[in-house]
Amino acid sequence: MKASNAKRRYLTQRVAISVLAVSLALVVIPVIGIIIYMIANGYSSLSWEFLTASPSQAGKAGGILPAILGTVYLMLGTILFALPIGVMAGIYLSEYTRANWLTRLINMAIVNLAGVPSIVFGLFGLAVFVLGLNLGMSLLAASLTLAAQALAMTITTSREAIMAVPKEYREGSLAIGVSRWQTIRHVVLPQAAPGILTGAILAMSRAAGETAPIIVVGAAFLVGGLPGSPFDRFMALPYHLYTVSAHIPGMPSEIKWGVALVLIAMVLLFNILAGIVRIKTRKR
Amino acid sequence: MTIGNLVTLKTDPANTRAAEDGHCLRLQQVNLYYGDFHAVKDVSLDIGARSITAIIGPSGCGKSSMLRLFNRMNDLIPSARVEGLVEFDGVDIYQSGIDVVELRKRVGMVFQKPNPFPMSIYDNVAFGPRRHGIRNKRILDEIVEKSLIQAAIWDEVKDKLGQSGLSISGGQQQRLCIARVLAVEPEVILMDEPCSALDPIATLKIEDLMRILSTNYTIVIVTHNMQQAARVSDMTAFLMVGEDRAGMLVEYAHTNEIFTNPKNKKTEDYITGRFG
Amino acid sequence: MINMFPSLKKGIGKTASLTSPRPRWGERIIEKLILFNGILAIAVLLGVFFILLRQGIPALIETPFYSFLFGTHWYPVSDPPTFGILPFFVATMWVTVISTVLAVPIGVGAAIFLAEVAPRKVADAVKPVVELLSGFPSVVMGFIGLVLLSPWVQNTLGLSSGLCGVTAGIMLAMMSLPIIVSVSEDALRAVPDEFRQAAYGLGSTRWEVIWHVCVPSALSGISAAIMLGIGRAIGETMTVLMVAGGALALPGLPTDPMMPMTAAIASGIGNAVQGGPQYHALFAIGLILFILTLFVNLIAARILDRQRRKFAAG
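From a predicted model like this one, the values you see are computed outputs, not experimental measurements.

Some words on the overall build of chain A
Right, on to step 1. Each helix and strand counted, chain A has eleven helices and two strands in total.
Right, on to step 2. Going from the N terminus to the C terminus, chain A shows its helices and strands as α-α-β-β-α-α-α-α-α-α-α-α-α.
Right, on to step 3. Its C-alpha atoms give chain A a radius of gyration of 24 Å, clearly above 19 Å, the size a compact globule of 284 residues would have.
Right, on to step 4. In chain A, of all internal contacts separated by at least 6 residues, the share reaching a separation of at least 24 is 74%.
Right, on to step 5. As displayed, chain A has an accessible area near 12200 Å², and 66% of this comes from carbon and sulfur atoms.
Right, on to step 6. When the 21 basic and 8 acidic side-chain charges of chain A are each reduced to a single mean position, those positions are 16 Å apart.

Considerations on the interface of chain C and chain A
Right, on to step 1. On the side of chain A, 70 residues touch chain C, which itself brings 70 residues to the contact.
Right, on to step 2. Here chain C packs against chain A, burying approximately 6200 Å² in sum over the two surfaces, 83% of which is carbon and sulfur.
Right, on to step 3. Contact with chain A buries area across many residues of chain C, yet Ile34, Leu45 and Phe143 of chain C alone supply 11% of it, more than any other trio.
Right, on to step 4. Between Glu131 of chain C and Arg278 of chain A there is a salt bridge, and its shortest N-O distance comes to 3.2 Å.
Right, on to step 5. One can count nine residue pairs in polar contact (both at pLDDT 80 or more) joining chain C with chain A.
Right, on to step 6. If one sorts the elements of the side of chain C that touches chain A by residue count, helix 2 (residues 25-62) of chain C sits on top with 18 residues.
Right, on to step 7. Class assignment of the residues belonging to the side of chain C that touches chain A gives a composition of 49 nonpolar, 16 polar and five charged.

Regarding the packing of aromatic side chains
Right, on to step 1. Applying the stated rule across the entire model yields 13 aromatic pairs over all chains.
Right, on to step 2. Measuring from ring centre to ring centre gives 4.8 Å for Tyr279 of chain C and Phe283 of chain C, while their planes differ by 50°; the resulting arrangement is tilted. One end of the pair is Tyr279 of chain C and the other is Phe283 of chain C, both in helix 13 (residues 277-313) and four residues apart, which spans about a single turn.
Right, on to step 3. One aromatic cluster is present, built from ring pairs that chain together Tyr37 and Trp257 of chain A together with Phe143 of chain C.
Right, on to step 4. Here Arg81 of chain B stacks its cationic end above the ring of Tyr33 of chain B, 4.4 Å away from the centre of that ring.
Right, on to step 5. Directly above the aromatic system of Trp25 of chain C lies the positively charged group of Arg28 of chain C, at a separation of 4.9 Å from the ring centroid.

Some points on a nonpolar patch on the surface
Right, on to step 1. A contiguous nonpolar patch, built from Trp101, Leu102, Leu105 and Met108 of chain A together with Leu298 of chain C and spanning about 500 Å² of accessible area, is present on the exposed surface.
Right, on to step 2. Per-element accounting of the nonpolar patch gives the leading share, four residues, to helix 4 (residues 101-113) of chain A.
Right, on to step 3. When you line up the elements, Leu105 of chain A lands in helix 4.

Details of the nonpolar core
Right, on to step 1. Membership of the largest hydrophobic core comes to 254 residues, with the highest contact counts inside it found for Ile214 of chain A, Leu148 of chain B together with Ile285 of chain C.
Right, on to step 2. The dominant element in this core, judged by the number of residues it contributes, is helix 6 (residues 139-163) of chain A, at 15 residues.
Right, on to step 3. Both domains that meet at this core, namely domain 1 (2-45) and domain 2 (48-283) of chain A, each give it at least three residues.
Right, on to step 4. For Ile285 of chain C, the residues in contact, after removing those within four places along its chain, are Phe68, Trp74, Ile85, Phe88, Met261, Ala264 and Ile265 of chain C.

Let's talk about the interface of chain B and chain A
Right, on to step 1. Between chain B and chain A, the contact holds 27 residues from the first and 16 residues from the second.
Right, on to step 2. Roughly 1700 Å² of surface becomes buried between chain B and chain A when both sides are summed, with 65% attributable to carbon and sulfur atoms.
Right, on to step 3. Joining chain B to chain A, the criterion identifies one salt bridge.
Right, on to step 4. Arg68 of chain B is paired through a salt bridge with Glu171 of chain A; the nearest N and O atoms lie 3.3 Å apart.
Right, on to step 5. Taken together, the connections running from chain B to chain A amount to five residue pairs in polar contact (both at pLDDT 80 or more).
Right, on to step 6. A class-by-class count of the residues in the side of chain B that touches chain A yields 15 nonpolar, five polar and seven charged.

A closer look at the pairing of strand 10 (residues 247-254) of chain B
Residues and elements named next belong to chain B.
Right, on to step 1. Pairing between strand 2 (residues 37-48) and strand 10: two bridges, direction parallel. The residue bridging Lys41 from the neighbouring strand is Met248, located in strand 10.
Right, on to step 2. Looking at chain direction, strand 9 (residues 235-241) and strand 10 are connected through seven bridges and run antiparallel. Each residue of the ladder has a partner; that of Leu239, found in strand 10, is Leu249.
Right, on to step 3. Counted between consecutive antiparallel strands, the loop separating strand 9 from strand 10 contains five residues, among which Arg245 sits at a positive phi close to 70°.

Remarks on the sheet that holds strand 9 of chain B
The strands making up a sheet associate through hydrogen bonds between their backbones, and the pairing can be parallel or antiparallel.
Residue and element names in this part refer to chain B.
Right, on to step 1. Strand order across the open sheet formed by ten strands is 5-4-1-2-10-9-3-8-7-6, with mixed pairing between neighbours. Each end of this open sheet is capped by a strand with a single partner; those strands are strand 5 (91-92) and strand 6 (107-110).
Right, on to step 2. Two strands pair when backbone bridges link them, and strand 6 and strand 7 (residues 188-192) are joined in this way by four bridges, in the parallel orientation. Residue pairing across strands places Val107 opposite Val188, the latter belonging to strand 7.

Quick look at unusual backbone geometry
A negative phi holds for most residues other than glycine; trans holds for most peptide bonds.
Right, on to step 1. Even without a glycine there, the phi angle at Asn134 of chain A is positive, about 60°.
Right, on to step 2. Residue placement: Asn134 of chain A occurs in the loop between helix 5 (118-132) and helix 6.
Right, on to step 3. The class for Asn134 of chain A is exposed, based on a relative accessible area of 64%.
Right, on to step 4. Even without a glycine there, the phi angle at Asp89 of chain B is positive, about 50°.
Right, on to step 5. Along the polypeptide, Asp89 of chain B turns up in the loop between strand 4 (80-88) and strand 5.
Right, on to step 6. Residue Asp89 of chain B is classed as buried on the basis of its relative accessible area of 4%.

Calculation criteria
Residues numbered from 1 in each chain as written. Chains lettered and ligands numbered in written order. Predicted model: local features only at pLDDT ≥ 70, side-chain atom pairs only at ≥ 80, totals over all residues. Heavy atoms only, no water. Helix = DSSP H or I, 4+ residues; strand = E, 2+ residues; numbered from the N terminus. Rg over C-alpha atoms; globule rule 2.2 N^0.38 Å. Contact = heavy atoms within 4.5 Å. Areas by Shrake-Rupley, 256 points an atom, 1.4 Å probe, with all protein chains shown as cover. Lys, Arg positive; Asp, Glu negative; His and termini not counted. Charge placed at Lys NZ, Arg CZ, Asp CG, Glu CD. Buried area = accessible area lost by both parts, 1.4 Å probe. Salt bridge = Lys/Arg side-chain N within 4 Å of Asp/Glu carboxyl O. Polar contact = N/O pair within 3.5 Å; in protein donor to acceptor, adjacent residues only side chain to side chain. Nonpolar A, V, L, I, M, F, W, Y, C, P; charged D, E, K, R; others polar. Phe/Tyr/Trp six-rings, centres within 6.5 Å; stacked < 30°, edge-to-face > 60°. Lys NZ or Arg CZ within 6 Å of the ring centre and 35° of its normal. Patch = residues over 30% accessible without salt bridge, like charges linked within 9 Å, V, L, I, M, F, W, Y side chains within 5 Å. Core = buried A, V, L, I, M, F, W, Y, C linked by side-chain atoms within 4.5 Å. Buried < 20%, exposed > 50% of the residue type's maximum accessible area, 1.4 Å probe, protein only. Domains from an automatic or database assignment. Pairing = 2+ DSSP bridges.

Quick look at the structure:
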């Protein structure tokens, strides 16, 4: 009787743990599958021309250079606005405010803003940057929109990186008559830099893949030539992928896979970069 | 406060360290609160220039809090509040308009846990002077060397100035931190249990160093180690927690007297190890 | 005696007075700039809510709130236009429910395996893959759903089109897995080891320890993970825009083509005249989305905060 009870308990355990293992497999295998499938299908379309030429025949031939460049500009524009504001806001929140109801409210706002749907930021950008500031459907308006969205992330990561710097370092500096700002500048920020950098890279990677907001603020499927100024309309990889896969009938499938592969390569490259920075710092 | 005191501040402190009556730091009827908590109660004492004053007492009696009054490190705690008069060189350092940065430059502090910055030994020592505007490499070299010599660590690190300040032993780190303070040429060095994280040999080295430094600096040291207070200090202040849990000064006298002929029964009990 | 302490004051300069602080203009300017940017960031964050209110409220005045929320017809260009968002709202609910039903057991199961069963090495190897998934842009997931999943769903379920709520739900499940896995795993790892040891000491099997000790202790963290996953599914745009089918009718079945709220905004905004009724109506949808996701995330943050305090105190 006792023996069979123990047997049953171990059988239950074996079944349960197998179910758990299957769950994990269900998470991991599709990811790997998608990546392999994407490489296998998109690889053939990756050519020098594909990466360096402009599209022709309504995107059915030629390359995707304007879309790649547009995305690069968007990433740079986003980080240009989101990083300095985010870092300074992070410094402000961690070093210059005291814990009270207002800081708690601000922290809550930031945490929750990270969860606001990206399409809502698109609406914000449309109302404020495209129409309100009259920037039009431009690279600049799109960058500002994506930056507004990235702010929650850059503030959070900067603040956390700054707060992770041990207070002993601050005390050691203040105790020899170094002012608060100099302490931040020369002791705290160098220590927090890798964390801030990781956040910045992830924010850029996200900006590269973000589609919904730039639909709202006016990415274009095809524009003649490369973007010349921040006030030009622009193409972007994710929007290009959306259009070629969902809106253009008769689009050759290599082109779709090629665009998807280039986009995911860019995004993942930045994710991996962030991972490397994080691992390197953890070791130190 | 007289005008005379203000004038002395502007002259070279090497010649006029002490105020006219010889004291360097003074507490008068000082109370310190953290929010509702009364941390230091009604403390008055004068500390002479170029001497070592030890603050002893059981843990939690407000020793460190009292030490941090002298360079306003308590300012970093939002709820901290100070009442009474705290003077450095005859100046009330809690009056409005005090340059706290300047104050801390002249009243340096060494902490319980060695806290060298995660940068090279050289950069650690040069950190203060650089922040105060010295860029000239030759002068910096000179300051770094002098400070490390004064801190009695030069011989041990002179060949590895470029190595991380975290790569040396705990005792060396603490002397590096002392060198870091010396490099900005303070007048007072506050030490908050500087040896509590160190082994006996490293402790002795720091104590020797303190004796040498006291010929030129005013040193105030908080310690939970009575032997250490007896060994190094000229004056000793004994603090205890009162019934209301606030730290108060029980006795303040020459170290000899405190340890051989304490006036207060409580001091005697503590010294002889009956509690604490 | 040699002077051991020659003054180096030539470098540091004469000591300034304690009572007349140096102005330190540069620092003051930088500190003002920091303050300004702190306020600016907060203003942007509050601005999002303000803009949604300002642009969305007119629609809710034009169309009474009740008929806006429960109306089943969305005819933005008829005269007069009708704005009822119930079909979008129901579509959002369908895809979110499908996503949650799929992602929660799989995600929590995977998290338990990672935190409690898998050897450290396996966990370290698998975690980057999960993080990789969280980095996939939603448009790529939409694309995968479009070309790979929807034909499969169409054949398997025998539908006339594979672009429907089920397809969208499955893709959303994949997209909410990373957050569910990582937050649940953190919650499980936060359970103190003493709990496990105590249970082992009573002769429990590993599975019994997991099921009767670890999971109950981490339950609040796991529920926060589920809330965050739901928030993700509600707010996701590109995937549902590409694979949910885009039909304006009220979806009765999960296999119907449908248009969740996010997709309705994305597909409608290009045609909306600035300041016109449709423009405001789309902002009103945005406002509802904002409040919905805020609500879900607030609950999650609340739960996480409580959990953190529980173990901090214990």
